[in-house]
Amino acid sequence: MQFTADQIAALVNGRVQGDGSVTVSTLAKIEEGHPGAISFLANPKYTHFIYETGSSVVLVKDDFVPERPVSATLIHVADPYATIARLLEMVAQMSAPHPVGVEQPSHISPDVTIHPDCYVGAFAYVGKGASIGEGVKIYPQAYIGDGVEIGEGSVIYPGVRIYHGCKIGKRCIIHAGAVIGADGFGFAPVDGIYHKIPQLGIVEIADDVEIGANTTIDRATMGATRIHRGVKLDNLIQIAHNVEVGENTVMAAQAGVAGSTKVGESCMIGGQVGLAGHITVGRDAQIGAQAGIPRNVKPGSRLLGSPAVDIGEYARQVVYVKNLERLNSRVAALEKAAKK
Amino acid sequence: MQFTADQIAALVNGRVQGDGSVTVSTLAKIEEGHPGAISFLANPKYTHFIYETGSSVVLVKDDFVPERPVSATLIHVADPYATIARLLEMVAQMSAPHPVGVEQPSHISPDVTIHPDCYVGAFAYVGKGASIGEGVKIYPQAYIGDGVEIGEGSVIYPGVRIYHGCKIGKRCIIHAGAVIGADGFGFAPVDGIYHKIPQLGIVEIADDVEIGANTTIDRATMGATRIHRGVKLDNLIQIAHNVEVGENTVMAAQAGVAGSTKVGESCMIGGQVGLAGHITVGRDAQIGAQAGIPRNVKPGSRLLGSPAVDIGEYARQVVYVKNLERLNSRVAALEKAAKK
Amino acid sequence: MQFTADQIAALVNGRVQGDGSVTVSTLAKIEEGHPGAISFLANPKYTHFIYETGSSVVLVKDDFVPERPVSATLIHVADPYATIARLLEMVAQMSAPHPVGVEQPSHISPDVTIHPDCYVGAFAYVGKGASIGEGVKIYPQAYIGDGVEIGEGSVIYPGVRIYHGCKIGKRCIIHAGAVIGADGFGFAPVDGIYHKIPQLGIVEIADDVEIGANTTIDRATMGATRIHRGVKLDNLIQIAHNVEVGENTVMAAQAGVAGSTKVGESCMIGGQVGLAGHITVGRDAQIGAQAGIPRNVKPGSRLLGSPAVDIGEYARQVVYVKNLERLNSRVAALEKAAKK
């Protein structure tokens, strides 16, 4: 889908400055702008980027006056941040399929509470006592276990499995094949044989969480495995029992978090990262791809490597290891000289 | 769920020594006890732990007499080990849903052998000639291929896929989204183009195996990929074709085992570990998280790192790498001194 | 399944030289031959292997005359390469189940184009406007989104999910639980809150591609995530949005490719490898298991390690790190000597 600056201005009740016929089809940060993208300027700290951005259109405040020429078309609005969010929503609304109603055959147990404005696809299963909020979309072949609660506006894609008793917040998106609430990996070894420890807890997912395809989040042994508001998990991630993931933390694909670990707010966890069990990762930590985290992480840390170290130290380690051949030669030369 | 020591004693026909009103809600090893947990003392070697355990309740032998004060409430029983196992089973029985009967619509081919005391959920598919033992639970949307055999008491969670001809033992638990018996990754490259090698074997899973959500176990090229009795596999694990995993081995999430590798009995494989193909891992080996195993592993080894080395050597390597900056300075100082 | 050399010769219209009663049950490269395997000799460069191969049977050209004794039984055919391909196909035909027709209940939207010679299993869902080519097999519980196109002869195993608008080529095989076309992981952070960037593109999979169980391939933000002809992806692989994978590239299980990365033709990517986003991997690159690739890779590179280096350098690094204890001792000895 493409929109002209004029069309966007009409949609958001804005005022165009510049060429209203330029078209955009995606969003970019103002500092990473490129032709065909729309950006926005909300924070005055970023104002200097507007003179060099490659984006075709930038949303700016009503009263913004450029001090130098700007190549992008500007659209003046009352609140650029709120406007971009509304725009994103509108585009998503336009681009996604909008299935409605209850397709047959589907299985909805008689004592389910389900808002009339929901989509339930064919071959979906909703267990006893489940509660499904307004506007929820349950795609074909999804499984909603007994007593599961799903908040309004959430989207459950095909083949998602939510085990009994788990809770999903509002406006969540759970992609195909994700499994929420399977048993945690808990066994009591007795004479070398592993006896299952019943996993009696649940998974609680707060509002505005997105969960990637085939990601797995295990139920707690007791209590709840908690995914807090605004968390975004990519595909094929493993979240073990009793883990907690703080608000607005993002995790890239194939990362894994072992049992009982607490990840703070606003962290960024790279792809294929592994976090050991029973540790705490402080807020705002950034952990690079493939890192291995064996112990607690301080807030704001930037780590890389396995076992992970500070990102600067990691870069130096890599160089030192690369130069080991030369270091060995230097030592050999010293030894030779010493022998004389 | 919570139980008092008195309630437990009544359930297991035991004798309480100490405060019968303390409550427990989980299980812990005696050496890792904590308030709210029940432990047991079966092996006399562990007797000293009873005086320091944090657990609220400990199951002990009929004739056990403490030599010093014990803060935990004791419950005397004939066989603490058998009792704890029975308790776990009772709790699991109480906490899990107990679906029964055959829900409609489900697809059961006419020549299927299925015990009358089974659960088959809606939208489940059971292929021709499959054989389903007593008490098996097949949850909604599971796929049981042609000729598959499932032993008594096994639980197949929603959306599990078992390809044709595979065999599942008794009392197995297979979690949602697991795929058993997809084709092994076998191709014959001819002039740069990969031609599929038919994967004609099966997967054989023995008794008492638990398989995590979205784990994949490929069928053998010929013969069988074998998961032996008591193995516990976590989520998102990859087991390639012709692999064998020995009895009572446990594997944490996201581990991967390449083709034809044999893992011995009672091994512990950490999360995100990778085992190369065509190797043998000896019994009782312990391999730490994220390790990479390129070659055979001796029984009882404890390995870490990629490529993995003995855990002690690994710890030393990490320290030496950390100190490379200082080592370089020391060499530079020697060089400077030598130049004088 | 086992075949004698005589049976195979009859099937492919060949001429037996040697013992026609030997049996084979699998395929091997001539240089990796073993008893029970059939190999073929198409490229004269490999002729010397025929005198030492362990294979029981070798397909050779009509006019091939061995210069020395050969222990394998030879089958002479016009075109050994074409014959082996045909043989593989015949075996696959014989060994796989051959479901046909449309099982009920399944959900096929009225405006779907579907060739009469297709299999659609029970509980499968085919969305509006989808187009399904001749001979396609859609197994039970698969989900084919609105507008999806599937080329002739492709096999979609149980529980595969293909989101709306994606395109699958001819003769593809997609294993159970794979998810094609879920949203790419794209968010615009605004004041620490992540706003979803609509993922408006698709996934395009060319002909002769095989995709493993529970692998995930995300749709592009705009345009298409592309998997080119002949690519073979193992299980549990993550392919992020806007990635391109070149012709005849193979990737082992649990590898991950981050957003917008281009992988060239004929690459071999090992298990658990991670490729960073926005990089280019040149054709014919070989990347060993667990490697981490943070930047562009030249064609033909052979890399290992994280961060990855040339495979020879990697081997040296491993040795130098192993010897760090000794290097430290040598430096300490020099320091001691210098102090005298």
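Residues numbered from 1 in each chain as written. Chains lettered and ligands numbered in written order. Predicted model: local features only at pLDDT ≥ 70, side-chain atom pairs only at ≥ 80, totals over all residues. Heavy atoms only, no water.

**Considering the overall build of chain A**
In terms of regular secondary structure, chain A is built from four helices and 40 strands. For 340 residues, the compact-globule estimate of 2.2 N^0.38 gives 20 Å, and the C-alpha radius of gyration of chain A, at 26 Å, exceeds that figure by more than 25%. Counting only C-alpha atoms, chain A reaches 90 × 70 × 25 Å along its principal axes. The proportion of buried residues among the 340 residues of chain A is 56%. In chain A, the share of contacts with a sequence separation of at least 24, taken over all contacts with a separation of at least 6, comes to 17%. Within the structure as shown, chain A displays about 13,500 Å² of accessible surface, and the carbon and sulfur contribution to it stands at 52%. (Helix = DSSP H or I, 4+ residues; strand = E, 2+ residues; numbered from the N terminus. Rg over C-alpha atoms; globule rule 2.2 N^0.38 Å. Buried < 20%, exposed > 50% of the residue type's maximum accessible area, 1.4 Å probe, protein only. Contact = heavy atoms within 4.5 Å. Areas by Shrake-Rupley, 256 points an atom, 1.4 Å probe, with all protein chains shown as cover.)

**So, the interface of chain C and chain A**
Contacts between chain C and chain A engage 61 residues on the former and 59 residues on the latter. Summed over both sides, the interface between chain C and chain A buries roughly 4,600 Å², with carbon and sulfur atoms accounting for 63% of that surface. The largest contributions to the chain C side of the interface with chain A come from C:Phe185, C:Tyr194 and C:Tyr320, which together make up 14% of the buried area. Our count for the contact surface shared by chain C and chain A stands at four salt bridges. A salt bridge links C:Glu313 to A:Lys322; the shortest N-O distance between them is 3.7 Å. (Buried area = accessible area lost by both parts, 1.4 Å probe. Salt bridge = Lys/Arg side-chain N within 4 Å of Asp/Glu carboxyl O.)

**Re the sheet that holds strand 15 (residues 143–144) of chain A**
All names here are of chain A. Across the sheet, 10 strands lie side by side as 9-12-15-18-21-26-29-32-35-38; this open sheet has parallel pairing. At either margin of the open sheet sits one strand with a lone partner, and together these are strand 9 (107–108) and strand 38 (292–293). Two strands pair when backbone bridges link them, and strand 18 (residues 161–162) and strand 21 (residues 179–182) are joined in this way by two bridges, in the parallel orientation. Bridging from a neighbouring strand, Arg-161 pairs with Val-179 of strand 21. (Pairing = 2+ DSSP bridges.)

**Regarding the relation of the copies chain A and chain B**
Rotating chain A by 120° and moving it 0.0 Å along the rotation axis overlays it on chain B with an RMSD of 0.1 Å. Such values leave the two copies arranged in the relation of a three-fold axis. It is A:Phe123 whose C-alpha, among those of chain A, lies nearest the rotation axis, at 3.6 Å. (Least-squares fit on C-alpha atoms with pLDDT ≥ 70 in both.)

**Regarding the packing of aromatic side chains**
Counted by the stated rule, this structure contains 21 aromatic pairs over all chains. Ring geometry for A:Tyr157 and C:Tyr163: centres 4.9 Å apart, planes at 35°, overall tilted. Note that A:Tyr157 is positioned in the loop between strand 17 (155–156) and strand 18 and C:Tyr163 in the loop between strand 18 (161–162) and strand 19 (167–168), a pairing that runs across two chains. Grouping residues by exposure puts A:Tyr157 and C:Tyr163 together as buried. Between B:Tyr46 and B:Phe49, the ring centres sit 5.8 Å apart and the planes meet at 25°, which makes this aromatic pair stacked. (Phe/Tyr/Trp six-rings, centres within 6.5 Å; stacked < 30°, edge-to-face > 60°.)

**A few points about the interface of chain A and chain B**
With 61 residues of chain A at the contact, the number on the chain B side is 58 residues. With both chains or domains summed, chain A and chain B bury close to 4,600 Å², and 63% of this area falls on carbon and sulfur atoms. Among the residues chain A hides against chain B, the three largest losses belong to A:Phe185, A:Tyr194 and A:Tyr320. Together they make up 14% of the total. The interface formed by chain A and chain B includes four salt bridges. A salt bridge links A:Lys196 to B:Glu210; its shortest N-O distance comes to 2.8 Å. Taken together, the links from chain A to chain B amount to 22 residue pairs in polar contact (both at pLDDT 80 or more). Broken down by secondary-structure element, the contributors of at least two residues to the side of chain A that touches chain B are strand 21, strand 22 (187–190), strand 23 (193–196), strand 26 (216–218), helix 3 (311–322) and helix 4 (324–339) of chain A. Residues belonging to the side of chain A that touches chain B are distributed by class as follows: 33 nonpolar, 20 polar and eight charged. (Polar contact = N/O pair within 3.5 Å; in protein donor to acceptor, adjacent residues only side chain to side chain. Nonpolar A, V, L, I, M, F, W, Y, C, P; charged D, E, K, R; others polar.)

**Let's talk about the pattern of salt bridges**
All names here are of chain A. A complete count under the given rule lists 35 salt bridges over all chains for this structure. A salt bridge links Asp-207 to Arg-229, with the shortest nitrogen-to-oxygen separation between them at 3.7 Å. Of the two residues, Asp-207 sits in the loop between strand 24 (202–205) and strand 25 (210–211) while Arg-229 sits in the loop between strand 27 (224–227) and strand 28 (232–233), which places them 22 residues apart along the sequence. Taking the relative accessible area as the measure of exposure, Asp-207 reaches 17% and is therefore buried. A salt bridge links Glu-265 to Arg-283; the shortest N-O distance between them is 3.6 Å. Linking Glu-265 in the loop between strand 33 (262–263) and strand 34 (268–269) with Arg-283 in the loop between strand 36 (280–281) and strand 37 (286–287), this pair joins segments that are 18 residues apart in sequence. Taking the relative accessible area as the measure of exposure, Glu-265 reaches 34% and is therefore partly exposed. Since its relative accessible area comes to 41%, Arg-283 is described here as partly exposed. Connected through shared salt-bridge partners, Arg-171, Asp-207, Asp-208 and Arg-229 make up one network.

**As for the environment of C:Ser55**
Residue and element names in this part refer to chain C. As for its placement among the helices and strands, Ser-55 is situated in the loop between strand 5 (37–40) and strand 6 (57–61). Along the backbone, Ser-55 and Glu-31 are 24 residues apart, and their C-alpha atoms lie at a distance of 8.9 Å. Ignoring sequence-local partners within four residues, the contact set of Ser-55 consists of Ala-28, Gly-33, His-34, Ala-37, Ile-38, Ser-39 and Ala-72. A distance of 2.7 Å separates a polar atom in the side chain of Ser-55 from a polar atom in the side chain of Ser-39.

**Here we look at the side chain of A:Thr83**
All names here are of chain A. As for its placement among the helices and strands, Thr-83 is situated in helix 2 (residues 80–95). A residue is classified by how much of its surface remains accessible, and Thr-83, at 5% relative accessible area, is buried. Here the side chain of Thr-83 touches Asp-79 through a polar contact of 2.8 Å, landing on its backbone oxygen. Leaving out residues up to four positions away in the same chain, Thr-83 has contacts with Val-12, Leu-59 and Val-77.

**A closer look at the side chain of B:Asp234**
In this fold, B:Asp234 is placed in the loop between strand 28 (232–233) and strand 29 (238–239). Buried and unpaired, B:Asp234 has A:Lys196 as its nearest opposite-charge partner, separated by 9.8 Å. Every residue in contact with B:Asp234, bar those within four places of it in the chain, is listed here: A:Phe185, A:Asp218, A:Gln238, B:Gly212, B:Thr215, B:Met251, B:Ala252 and B:Ala253. (Lys, Arg positive; Asp, Glu negative; His and termini not counted.)

**Describing the domain arrangement of chain A**
Domain annotation for chain A reports domain 1 (3–95) and domain 2 (101–313). In this structure, domain 1 of chain A and domain 2 of chain A have C-alpha centres spaced 35 Å apart. (Domains from an automatic or database assignment.)

**Some words on the environment of C:Ala206**
Residues and elements named next belong to chain C. Here Ala-206 shows up in the loop between strand 24 (202–205) and strand 25 (210–211). Sequence spacing of Ala-206 and Val-231 is 25 residues, and the spatial spacing of their C-alpha atoms is 8.5 Å. Ignoring sequence-local partners within four residues, the contact set of Ala-206 consists of Gly-169, Cys-172, Ile-227, His-228 and Arg-229.

**Some words on helix 3 of chain A**
Over its 12 residues, helix 3 of chain A extends 17 Å from the first C-alpha to the last, a length consistent with the 16 Å expected when each residue adds 1.5 Å. The set of residues buried in helix 3 of chain A consists of A:Tyr314, A:Gln317 and A:Val321. Mapping the buried residues of helix 3 of chain A onto a view down its axis gives an arc of 60°, with all of them on the same face. Buried positions along helix 3 of chain A lie against strand 39 (302–304), strand 40 (309–310) and helix 4 of chain A, helix 3 (311–322) and helix 4 (324–339) of chain B together with helix 3 (311–322) of chain C. Capping the start of helix 3 of chain A, A:Asp310 holds a side-chain oxygen 2.9 Å from the backbone nitrogen of A:Gly312, two or three residues further along. (Expected span 1.5 Å × (residues − 1). Arc of directions from axis to C-beta.)

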